[in-house]
Each structure stands twice: as structure tokens, then as C-alpha cells.
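Spelled out, the chains give:
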Amino acid sequence: MSRRKKVYEGKAKILYEGPEPGTYVQYFKDDATAFNAEKKDVIEGKGALNNRLSEFFMTGLSNIGVPNHFLRRLNMREQLIRQVEIIPLEVIVRNFAAGSLSKRLGIEEGTALPRPIVEFSYKDDSLGDPLVAEEHIIAFGWASQQDLDDIIALALRVNDFLSGTLYGVGIKLVDFKIEIGRIWDNDFHRLIVADEISPDSCRLWDMKTGQKLDKDVFRRDLGNLADAYTEVARRLGVLPANAQPVTKPTLIN
Ligand code: TMP
């Protein structure tokens, strides 16, 4: 493993050079961060859960014809993905108000939105991933108008797929973030879904109780993050129904 060439290290994942040209190995860390890494912890089991969950969602997207970077899982923490040129945008789709939208516009969390809202943030940690308009994206050359139209269409297809899949297991998809990559074929390029789709990058609420099953559990100190992700995985059939929560028993003395 140490002989592999590291290509990139982010807050939750590492990319290594892949075994075949045009591939990377994506390694999921147990590290959790929030608020641009102001809050940090290591959550045992998170990397393995996100590896499985991202595989599950990306495979489902492939099955309905939504192009994405996933090739195959390699082991507990690693998957083989296609090498892409990441567009420096976080593409956010919202079905219900929450998080920064609620804060920014004073809309109560959980309010149903009249239609899915697609937002863009410029991916730059030193600036805190600021919200940007299509005008900025085109003016600064991060993507063309045609790319943006394609990105929005992709994001809405992902939204429909994820919303329906999660609805089937009693989970409401409040919002999520995806990243888009470019793959080149001579002078032409195609846009595909990249990065990851996991409870790190979604808001997932239990349909009946409203219980949070996503990274807000960590951001807002609501309990054990790996237990929440285990519940999502168990419901989706990604883990056996009798999978044990990862929380260690508390010793009483
Ligand atoms: P927000 O309400 O904080 O803007 O988050 C919107 C969605 O994007 C939510 O599902 C969480 C996800 N997200 C990330 O994946 N990475 C981030 O860095 C942030 C801030 C949000």
C-alpha cells in the first residue's frame, strides 16, 4: 500500500494511482470534519460504511443510465474509480429547507420546497466554499453554459433516484451534494457524477420520527455517527439486517 502513489488527499478520502490507466483507487478514511475542518474526530467504521454506501448509490445510478465514476469495490475501504477532472463546484440539491438555506433565508428546517432547488458552491476551502451564481461560474470559466445545463439535468436525475430509493426504506432525502467530473475523449468531454454519495454528503431524516441519519449527527452532536450510517446501510440491505451498531458498550462501575 505504501508503495502506491498518492495523488490527492482530502478531508475524508485519499486518491491513489490506480492499477490501470485512467483509474484511481479511492480510499475512505474514518476522519469526520465539519465547518471547514474546525470540528474534527475519527469515527471508527465510517470509512467502510461510506465505501459500501457510495458503491450502492453509484451502482444504482449506473443501472438507470446515470454516468458516474464508480468501477468496482476493491476492499472494505477502497474502490476503483475512473479518473476525472473535477469541476470545482459543489452541486447541492434541496427538497426541503435545512442547513445553510434555512439560516440564510430564515426558512424553518423541514419546510417542503415548491420544487427542487439546485445551488452551486465554489470548491475552495480557503474561502469556505462560497455560494456562487451561474453568472460567476460562466464568467470565471469553471464550466460553460452547456456544462451547467448538463450538470443540472444530472443532479435532478440523481435527486429523483436517491429520493425514490430512500423513500422506499422510510428515509426522507432533505438535500445532498454531489461533485461532477469531466472525462475527455480526444477533443470532446462528457460529464459524470464523481466523488461520493454517502450520508456525509446528504441530509437523511427518518420519515416517521424525523431522526437524523447523516453527518448532522456529528455536526450537531446528536449521537453516534457510525450508528446512524449503519442504520441507513442496514435499511438499504447493504449490511445484513442483524448488523450490530458499532458503539462500544459503556462500562458501568
Ligand atoms: P448546507 O445546508 O450546509 O449548505 O449543506 C447542503 C448539503 O450539502 C447537505 O446535504 C450537506 C452537504 N455538504 C457537503 O457535502 N459538504 C460540505 O462541505 C457542506 C457544507 C455541505
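A brief structural summary. Being a predicted model, the structure only gives us computed values, none of them experimental.

Looking only at helices and strands, the protein chain has 6 helices and 14 strands in total. A compact globule built from 253 residues should have a C-alpha radius of gyration of about 18 Å, and the protein chain, at 18 Å, falls within 12% of that. Expressed as a percentage of its 253 residues, the buried residues of the protein chain come to 47%. Across the protein chain, contacts joining residues at least 24 apart in sequence account for 55% of those joining residues at least 6 apart. Carbon together with sulfur atoms contributes 53% to the accessible area of the protein chain, which is approximately 13,100 Å² in total. Across the protein chain, 34 positive and 37 negative side-chain charges occur, with their mean positions spaced 4 Å apart.

Across the sheet, 5 strands lie side by side as 1-2-3-7-6; this open sheet has antiparallel pairing. The sheet terminates laterally at strand 1 (6-9) and strand 6 (70-73), the two strands that pair on one side only. The average angle at which neighbouring strand axes cross in this sheet is 25°, direction not considered. Helix 1 (residues 46-63) contacts strand 3 (23-28), strand 6 and strand 7 (78-82) of the sheet and is inclined by roughly 130° relative to strand 6.

This next bit is on the site of the ligand. Around the ligand sit 14 residues in total, of which R94, S100, D175, K177 and R203 are the nearest. R203 places a side-chain nitrogen or oxygen 2.9 Å from an oxygen atom of the ligand. When the ligand is considered free in solution it has 450 Å² of accessible area, and contact with the protein chains removes 77% of it. Partitioned by chemical class, the residues of the shell around the ligand number 4 nonpolar, 3 polar and 7 charged.

Between its first and last C-alpha atoms helix 1 spans 25 Å; for 18 residues at 1.5 Å apiece the expected length is 26 Å, and the two agree. Burial analysis of helix 1 places 13 of its 18 residues in the buried class, the great majority of the element. Positive backbone phi, approximately 85°, marks G65, located one or two places after helix 1.

Further remarks concern the side chain of D195. Examined against the element boundaries, D195 turns out to sit in the loop between strand 13 (188-194) and strand 14 (202-206). Polar contacts involving the side chain of D195 include one to the side chain of K177, which spans 3.4 Å. When near neighbours in sequence (up to four residues on either side) are disregarded, D195 contacts K13, Q26, M58, H69, K177 and E179.

What follows covers the side chain of D175. For D175, the location among the structural elements is in strand 12 (residues 171-185). The buried category is assigned to D175, whose relative accessible area is 5%. A polar atom in the side chain of D175 sits 3.4 Å from the side chain of R94. Here D175 is in contact with V93, R94, A98, C202 and R203, once residues within four sequence places are set aside.

Turning our eyes to something else, we now look at the packing of aromatic side chains. For any pair of aromatic rings, the description rests on two quantities: the centre-to-centre distance and the angle between the ring planes. Tallied over the entire structure, the rule returns 3 aromatic pairs. Taking 4.0 Å as the distance between ring centres and 15° as the angle between the ring planes, the aromatic pair formed by Y122 and W142 counts as stacked. With Y122 in strand 10 (residues 112-122) and W142 in the loop between helix 3 (134-139) and helix 4 (145-167), this residue pair connects regions lying 20 residues apart in the sequence. Since its relative accessible area comes to 19%, Y122 is described here as buried. Owing to a relative accessible area of 16%, W142 belongs among the buried residues under this scheme.

On to helix 4. Taking 1.5 Å of rise per residue, the 23 residues of helix 4 would be expected to cover 33 Å, and the 32 Å separating its terminal C-alpha atoms lies within 8% of that figure. Turning to helix 4, its buried residues are D147, L148, I151, L154, A155, V158, N159, F161, L162, T165 and L166.

According to the stated counting rule, one finds 30 salt bridges in the structure shown. Two residues, E9 and K29, come together in a salt bridge whose shortest N-O distance is 2.7 Å. Here E9 is found in strand 1, whereas its partner K29 is found in the loop between strand 3 and strand 4 (31-34), with 20 residues between them in sequence. What makes E9 partly exposed here is its relative accessible area of 39%. One salt bridge connects R94 with E119, and the closest N-O pair in it is separated by 3.1 Å. Of this pair, R94 sits in strand 9 (residues 89-96) while E119 sits in strand 10, and the two are 25 residues apart along the sequence. One continuous salt-bridge network, built from bridges that share partners, spans R94, R104, E109, E119, D175, R203, D216, R219 and R220.

The rules we used
Residues numbered from 1 in each chain as written. Predicted model: local features only at pLDDT ≥ 70, side-chain atom pairs only at ≥ 80, totals over all residues. Heavy atoms only, no water. Helix = DSSP H or I, 4+ residues; strand = E, 2+ residues; numbered from the N terminus. Rg over C-alpha atoms; globule rule 2.2 N^0.38 Å. Buried < 20%, exposed > 50% of the residue type's maximum accessible area, 1.4 Å probe, protein only. Contact = heavy atoms within 4.5 Å. Areas by Shrake-Rupley, 256 points an atom, 1.4 Å probe, with all protein chains shown as cover. Lys, Arg positive; Asp, Glu negative; His and termini not counted. Charge placed at Lys NZ, Arg CZ, Asp CG, Glu CD. Pairing = 2+ DSSP bridges. Axes fitted to C-alpha atoms, helices over the stretch in contact; angles between N-to-C directions. Near = heavy atom within 4 Å. Polar contact = N/O pair within 3.5 Å; in protein donor to acceptor, adjacent residues only side chain to side chain. Nonpolar A, V, L, I, M, F, W, Y, C, P; charged D, E, K, R; others polar. Expected span 1.5 Å × (residues − 1). Phe/Tyr/Trp six-rings, centres within 6.5 Å; stacked < 30°, edge-to-face > 60°. Salt bridge = Lys/Arg side-chain N within 4 Å of Asp/Glu carboxyl O.

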